[in-house]
Amino acid sequence: MADAAEITTENSTLEKWTSALAEPVGSPGGGAGAGVMLAIAASLTSMVAGYTEPADEQRDELDAVIARAQKLRQVALQLADEDAEASEAFGKAFAMERGAERKKAIREASLGAARSSVILGEHAADAIDDLSWLAEHGNSALIADVVVAFGALRAAVTGARTNASFDLAALKSSGSSLEQVREQHPKLWASVEALDTALDRIDAATNAVDDRAAPTDVQAETAKG
């Protein structure tokens, strides 16, 4: 297997990257995987938008959706690699011998990893509106692709939210209680709660188009009734 430093989302093939992900090491890990899921969501958003023939008054909005999706795809891959680096630092901190230096390293690594996850989650949450717009105005023949994109986006937000929460809780290993963590890092704590709201938005948007994306399920339910 190649050295972990050589395995990045920007310079590795999908085979090499997933092979590295499959290894029992922390970099890349679940957080980097969330970044890749965000890149997939952005790519599908761009694809569906590219297939869409807009009304004249929608052209500017569609162009903006495409531009944001293409930029997000690149940013997501960068964030995946940054998360992998944060994950590596996190692991090294916990591997240190017990003592003051270990506590300090855990505190710094935990906060760094939490911030990395929150940034990724915020980018994912920002993408919900564009995907929702495509669900309504995009090429109707690609509604299933929109739902797949929502699924990838949900995975990204779930990963970011869970990792950020876990990383904040890891501060207990440096001597802080959860109540102290909440008081000392209110913005990070609130960001986790905001990502819960983003998950609800994704679920609502997905459910709203499920009858169009999966009509056989609707037919099956009608037949049962």
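Cut-offs used in this document
- Residues numbered from 1 in each chain as written.
- Predicted model: local features only at pLDDT ≥ 70, side-chain atom pairs only at ≥ 80, totals over all residues.
- Heavy atoms only, no water.
- Axes fitted to C-alpha atoms, helices over the stretch in contact; angles between N-to-C directions.
- Helix = DSSP H or I, 4+ residues; strand = E, 2+ residues; numbered from the N terminus.
- Parallel < 35°, antiparallel > 145°, perpendicular 65-115°, else oblique.
- Left-handed = near helix turned anticlockwise from the far one by under 90°.
- Contact = heavy atoms within 4.5 Å.
- Nonpolar A, V, L, I, M, F, W, Y, C, P; charged D, E, K, R; others polar.
- Salt bridge = Lys/Arg side-chain N within 4 Å of Asp/Glu carboxyl O.

(A) Up close: the packing of helix H3 (residues 59-95) against helix H4 (residues 100-126). Interaxial distance between H3 and H4 falls to 9 Å at its minimum, and their mutual angle equals 160°. By the angle class used here, H3 and H4 are roughly antiparallel. The handedness of the crossing between H3 and H4 comes out as left-handed. Contact with H3, carried on its side by Leu72, Val75, Leu79, Glu82, Asp83, Ala86, Ala89, Phe90, Ala93 and Phe94, involves Arg102, Ala105, Ile106, Ala109, Ser110, Gly112, Ala113, Ser116, Ser117, Ile119, Leu120 and His123 of H4 and no other residues of that element. A per-class count over the contact of H3 with H4 returns 14 nonpolar, five polar and three charged.

(B) Structural view of the pattern of salt bridges. Summed over all chains, the structure comprises seven salt bridges. In this structure, the salt-bridge partner of arginine 201 is aspartate 129, at a minimum N-O distance of 2.7 Å. Remark: aspartate 129 occurs in helix H5 (residues 128-137) and arginine 201 occurs in helix H8 (residues 186-213); sequence separation between them is 72 residues. Between aspartate 203 and arginine 154 there is a salt bridge, with the nearest N and O atoms lying 2.6 Å from each other.

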